[in-house]
Amino acid sequence: MTAEIQAIRISGIERDAALRARTAKLMTATLAKLSVTPVRSQVTFVDDNGPKGGPAMRCALTVRLPYRPSVRVERSAETPRLAFDAAFAVLERQLERYRERDRDNKRHPKKYFAARRGLTGETSRPAKRARRA
């Protein structure tokens, strides 16, 4: 891939530099595997309980791909890292499906290619043998 991955917006964990670095590194590596450059990618951490306290951190990952619907994943856990790990695992599976779908669509010959081969008489399969009676 020749295009460079755009910066990933990370919000909600301004104080945790280690988690920010890990999040940016994993997201960049995963998005680099795609055949297209994402338009936007965002990681958001939210404390569901707010100032009351309690074990409820939510992580939302959003990836906007060109000409496709956005991929959005949310997961909750006791800590921000556990929430990110859970959401990231789901995001990886969804992006893997996207890569498989893209790869499978490229393997089928397009209609103009197939039509040209039909007109020129080229065949990709060997000729069938006559059946014995």
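Before reading further, recall that the structure is shown in the block above.
Residues numbered from 1 in each chain as written. Predicted model: local features only at pLDDT ≥ 70, side-chain atom pairs only at ≥ 80, totals over all residues. Heavy atoms only, no water.

### Thoughts on unusual backbone geometry
Excluding glycine, residues mostly carry a negative phi; peptide bonds, for their part, are mostly trans. Although it is not a glycine, Tyr-67 adopts a positive phi angle of roughly 60 degrees. Within the element layout of this structure, Tyr-67 appears in the loop between strand S3 (57–64) and strand S4 (71–77). (Helix = DSSP H or I, 4+ residues; strand = E, 2+ residues; numbered from the N terminus.)

### Remarks on the pattern of salt bridges
Taken as a whole, this structure holds 6 salt bridges when the rule is applied. One salt bridge in this structure joins Arg-81 and Asp-85, with 3.8 Å as the shortest N-O distance. A residue pair is termed a helical-turn pair when its members lie 3 or 4 positions apart in one helix, as Arg-81 and Asp-85 do in helix H2 (residues 80–107) at 4 residues. Residue Arg-81 is classed as partly exposed on the basis of its relative accessible area, which comes to 45%. Beyond isolated ion pairs, a larger network of salt bridges with shared partners links Asp-48, Arg-58, Arg-72 and Glu-74. (Salt bridge = Lys/Arg side-chain N within 4 Å of Asp/Glu carboxyl O. Buried < 20%, exposed > 50% of the residue type's maximum accessible area, 1.4 Å probe, protein only.)

### Describing the packing of aromatic side chains
Inspection of the entire model under this criterion finds 1 aromatic pair. Both rings, one in Phe-84 and one in Phe-88, keep their centres 5.4 Å apart while their planes meet at 25 degrees; by these two values the pair is stacked. Of this pair, Phe-84 and Phe-88 are both found in helix H2, 4 residues apart, which corresponds to roughly one turn of the helix. Grouping residues by exposure puts Phe-84 and Phe-88 together as buried. (Phe/Tyr/Trp six-rings, centres within 6.5 Å; stacked < 30°, edge-to-face > 60°.)

### Regarding the sheet that holds S3
Read from one edge to the other, the open sheet built from 4 strands follows the order S1-S2-S3-S4, with strand pairing classed as mixed. Unpaired on one side and paired on the other, strand S1 (9–11) and S4 mark the two borders of the sheet. Between one strand and the next, the sheet's axes are offset by a mean angle of 10 degrees, whatever the strand orientation. Relative to strand S2 (residues 40–47), S1 runs parallel, the two being bridged by 3 bridges. From the neighbouring strand, Arg-9 faces S2, where its bridge partner is Gln-42. Across the sheet, helix H1 (residues 17–32) lies against S1, S2 and S3, angled at about 145 degrees from S2, the strand it touches most. (Pairing = 2+ DSSP bridges. Axes fitted to C-alpha atoms, helices over the stretch in contact; angles between N-to-C directions. Contact = heavy atoms within 4.5 Å.)

By themselves, these observations are geometric and do not establish any function.
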